[in-house]
Amino acid sequence: MIDTQRARRAIAGLLMATGAPAPAELALANERLRALGWPPLGAGDLVRETPETLAPQIPRGLHADVLPLLCALAGDEPIRRRIADAYAQLWHGEPEPPAPPRQGSAVARWLIGQLPHHQVGGTSEENRMVERGTPYRGGEVAAPPQAERTPLRRRVERINDEYRRVVGAVERVIVGKRDVIERVLTAMAARGHVLLVDAPGVGKTQLCKAIACAIATRFGRIQFTPDLLPMDITGANVFDVRDKQFHFRPGPIFTHILLADEINRATPKSQSALLEVMEERSVTIDGVTHAVEEPLQVLATMNPLDHQGTYALPAAQIDRFMMMLEIGYPSPDDEVKVLDYHLGATSPLATLQPVISRASFIDWRETVPLIHVAPEIKRTAVDYVHGLRRSSDGPSISPRATLAWVRAAQARAMLSGREFVTVEDLLQIAPDVLRHRMWSDGAAVRERLRAIAMSGAR
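Residues numbered from 1 in each chain as written. Predicted model: local features only at pLDDT ≥ 70, side-chain atom pairs only at ≥ 80, totals over all residues. Heavy atoms only, no water.

## What about the overall build of the protein chain?
The criterion, for reference: Helix numbers and strand numbers start at the N terminus; a helix is a DSSP run of H or I with at least 4 residues, a strand a run of E with at least 2. Contact between two residues is taken to exist if any of their heavy atoms lie within 4.5 Å; hydrogens are not considered. Note that accessible areas follow from Shrake-Rupley with a 1.4 Å probe, and for residues the cover is restricted to the protein chains shown.
A count of helical and extended segments in the protein chain gives 20 helices and nine strands. Nonlocal contacts in the protein chain, meaning residues at least 24 apart in sequence, comprise 76% of its contacts between residues at least 6 apart. Taken as a whole, the protein chain presents about 20,700 Å² of accessible surface, with 54% of it coming from carbon and sulfur.

## A few points about the nonpolar core
General note: in soluble globular proteins, nonpolar side chains tend to be found buried as a group. To keep things clear, this is the line we draw: Only buried Ala, Val, Leu, Ile, Met, Phe, Trp, Tyr and Cys residues count toward a nonpolar core, and they belong to the same one when joined by side-chain atoms within 4.5 Å. Burial classification: accessible surface area is computed with a 1.4 Å probe over protein chains only, and a residue below 20% of its type maximum counts as buried, one above 50% as exposed, and the rest as partly exposed.
Grouped together as the largest cluster of nonpolar side chains are 72 residues, with contacts concentrated most on Val-184, Leu-207, Trp-364 and Trp-405. In terms of residue count, the dominant contributor to this core is helix α18 (residues 399-415) (10 residues). Not counting the four nearest positions on each side in its chain, Val-184 is found in contact with Val-194, Leu-196, Leu-207, Ile-211, Leu-299 and Leu-325.

## Here we look at the pattern of salt bridges
In plain terms, the rule: For salt bridges, the criterion is a side-chain nitrogen of Lys or Arg within 4 Å of an Asp or Glu carboxyl oxygen.
Enumeration according to the criterion identifies 24 salt bridges in this entry. For the salt bridge of Asp-261 with Arg-221, the shortest nitrogen-to-oxygen distance reads 2.6 Å. Remark: Arg-221 occurs in strand β2 (residues 219-223) and Asp-261 occurs in strand β5 (residues 257-261); sequence separation between them is 40 residues. Here Asp-261 falls in the buried class, since its relative accessible area comes to 8%. A salt bridge links Asp-240 to Arg-242; its shortest N-O distance comes to 3.3 Å. You can call Asp-240 buried: its relative accessible area is 18%.

## Some remarks on helix α4 (residues 63-74)
Short version of the rule: Expected helix span is computed as 1.5 Å times (number of residues minus one).
Over its 12 residues, α4 extends 16 Å from the first C-alpha to the last, a length consistent with the 16 Å expected when each residue adds 1.5 Å. The positive-phi residue at the C-terminal boundary of α4 is Gly-75, with phi of around 60°.

## Structural notes on the confidence of the model for the protein chain
This is how the line gets drawn: Residue-level confidence of the predictor, termed pLDDT, takes values from 0 up to 100.
Looking at the protein chain, pLDDT values average 79 and 82% of them are 70 or higher. A low-confidence stretch, residues 93-147 (pLDDT under 50), is modelled with 125 contacts involving residues beyond four sequence positions or located in other chains.

## Things to note about the side chain of Glu-419
Heads up, the rule is: Polar contacts, as counted here, are pairs of nitrogen or oxygen atoms within 3.5 Å of one another; within protein the pair requires one atom able to donate a hydrogen and one able to accept it, and residues that are adjacent in sequence qualify only if both atoms are side-chain atoms.
Relative to the helices and strands, Glu-419 resides in the loop between α18 and α19 (423-438). At 2.8 Å, the side chain of Glu-419 and the side chain of Arg-153 are in polar contact. Apart from the residues within four sequence positions on either side, Glu-419 is in contact with Thr-150, Leu-152, Arg-153, Val-156, Ile-371 and His-372.

## Re the pairing of strand β9 (residues 321-325)
Operational definition: A pair of strands is labelled paired if DSSP reports no fewer than 2 bridges between them.
Most of β9 sits inside the fold, with five of its five residues counted as buried. With four bridges connecting them, strand β1 (residues 193-197) and β9 associate as parallel partners. Bridge pairing in β9 places Leu-196 opposite Leu-325.

## A word on the sheet that holds β5
Applied cut-off: The angle between two axes is taken between their N-to-C directions and runs from 0 to 180 degrees, where each axis is a line fitted to C-alpha atoms and a helix contributes only its stretch in contact.
Taken together, five strands build an open sheet; the order of strands is β2-β5-β8-β1-β9 and the sheet is parallel. Of all strands in the sheet, those with a lone pairing partner are β2 and β9, marking the two edges. The sheet shows a mean angle of 20° between the axes of neighbouring strands, direction not considered.

## Digging into the packing of aromatic side chains
Here is the rule we go by: To pair, rings of Phe, Tyr and Trp, with the six-membered ring standing in for Trp, must have centres within 6.5 Å; the planes then decide the type, stacked if under 30 degrees apart, edge-to-face if over 60, and tilted in the middle.
For the coordinates displayed, the defined rule picks out five aromatic pairs. When the centroid spacing of 6.3 Å and the interplanar angle of 70° are considered together, the rings of Tyr-163 and Trp-364 count as edge-to-face. Here the residue Tyr-163 occupies a position in helix α8 (residues 151-171), and Trp-364 occupies one in helix α16 (residues 358-367), the gap between them amounting to 201 residues. Both residues of the pair, Tyr-163 and Trp-364, belong to the buried class. Through a chain of ring-to-ring contacts, the aromatic side chains of Tyr-163, Phe-361 and Trp-364 assemble into a single cluster.

## Quick look at the side chain of Arg-418
Mapped onto the elements of the fold, Arg-418 is located in the loop between α18 and α19. Polar contacts involving the side chain of Arg-418 include one to the side chain of Asp-425, which spans 2.9 Å.

## Points about the pairing of strand β7 (residues 288-291)
As paired elements, strand β6 (residues 282-285) and β7 share four bridges and run antiparallel to each other. Across the sheet, the residue bridging to Val-283 is His-290, located in β7. Where β6 hands over to β7, the hairpin turn is made up of two residues, of which Asp-286 adopts a positive phi near 55°.

## Structural notes on the environment of Thr-367
With respect to the secondary-structure elements, Thr-367 resides in helix α16. With 215 residues separating them in the primary sequence, Thr-367 and Leu-152 have C-alpha atoms 8.4 Å apart.

## Observations regarding the packing of helix α17 (residues 375-390) against α19
Applied cut-off: Angles below 35 degrees are treated as roughly parallel, those above 145 as roughly antiparallel, those between 65 and 115 as roughly perpendicular, and all remaining angles as oblique. In a left-handed crossing the near helix is turned counterclockwise from the far helix by less than a right angle, and in a right-handed crossing that turn is clockwise. Polar here means any residue outside two lists: the nonpolar Ala, Val, Leu, Ile, Met, Phe, Trp, Tyr, Cys and Pro, and the charged Asp, Glu, Lys and Arg; Gly therefore counts as polar.
Two elements in contact, α17 and α19, have axes separated by 12 Å at closest approach and are oriented at 30°. On the basis of their axis angle, the class for α17 and α19 is roughly parallel. Relative to α19, the crossing made by α17 is right-handed. Across the interface between the two elements, Ile-377, Ala-381 and Leu-388 from α17 touch Val-423, Leu-426, Leu-434 and Met-438 from α19. Here the residues of the contact of α17 with α19 are counted per class, giving seven nonpolar, no polar and no charged.

## Looking at unusual backbone geometry
Note that the residue after Glu-294, namely Pro-295, is joined by a cis bond; omega there is 0°. Inspection of the secondary structure puts Pro-295 in the loop between β7 and β8 (297-302). Although it is not a glycine, Ala-216 sits at a positive phi angle of roughly 60°. Secondary-structure assignment places Ala-216 in the loop between α10 (204-215) and β2. Using a relative accessible area of 35% as the deciding quantity, one classes Ala-216 as partly exposed. One non-glycine residue, Glu-262, adopts positive backbone phi at about 50°. Position of Glu-262 among the secondary structure elements: in the loop between β5 and α12 (268-271). Overall, the relative accessible area of 23% leaves Glu-262 in the partly exposed class.

## What to know about the environment of Trp-91
Position of Trp-91 relative to the elements: it lies in the loop between α5 (78-90) and α6 (106-112). Under the relative-accessibility criterion, Trp-91 is labelled buried at 8%. Separated by 33 residues in the primary sequence, Trp-91 and Ile-58 place their C-alpha atoms 9.7 Å from one another. Contact partners of Trp-91, with chain neighbours within four places excluded, come to Ala-55, Ile-58, His-63, Val-66 and Leu-67.

Set out below in structure tokens:
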């Protein structure tokens, strides 16, 4: 009876993954259970438990009955199908016996320590995901032969292949900076703008141009200077003497990938010309709103070393950048490769060809919201943000930052080949998303997250 109760909880958990199940769905599930000779679902079965918790507790003899029922009830719904695939993956081969709690991944524990508890009377789902080797640990989850791939699964696999091709193409121009390329593409997939802050000559402009070439999008560049006017960015209505009318002449902001070079050298008035288009994807000129073509991506650069003749970016504009990144100097071996590649008669950027279309990249952005974020993951992100707000004496983290953090984690999961977000996604992306909002560096962000997690564990 206990074994069948756990199996019924697995079925109820799948139905509740998308909210309260419909009466027709409960009736169908109970009909299938009666055919197996099992009791119907009761109020005690309607609980949320993850496959990692229940799969090892269900005896192997019940797998053949439970798995087809899970797949039938999941249908083509992406979240339910993902849960059914997780059970199938966990039961593939010998079943995993219940294991005592371990100390978990050394890397994850070094990053944050013990994760906070969100469930009364038990360990949090986040701890279980970190502490056990399960499909939620990250990486691509291979569907077993008997499990049919869902449309979302196939879509994510295709995007993962395209993503690898884009990274490989850009690496032919930007040598030895694969991690930076991946993080920029993660922000772009999440519809986020990127602020590149580093010394001159490390390849910030080349990186932006290479990404635009690899994705087959229009590239625009604005060199920010103190005499730059807002209309030089957005465009203006120009009077035509031939027909005696004003016509809108678009500015360089009407492109796909815009390089805002040395953004802090322009006056605050000119900097503010980017605020509306970065947030609303539109430009208002003389009371008329002009929409920009998707995808709109702002990649801004800033030199942190030379402050003469510069204007600090206001907090409102800093907050509109999803990530702030540094490229850094290459290693000696990579710098030799840079000389080999760029001292020839033809620049690698001149020979770079598109590897995906603009429509494919737009599909990346449309797929990100479909990546599942479990309620426990959302609660973890919010708890961390509230902890940072309470312990901060300086600028606070806005709700926009929380949304950007989780959306970037969705993009990272998708580009990693998964349809769901893990705790590791949040942790790996946190320094890039939060550091400029906290006016800190990546190491300090990790330490503060770890301190908040440790205080929550106590």
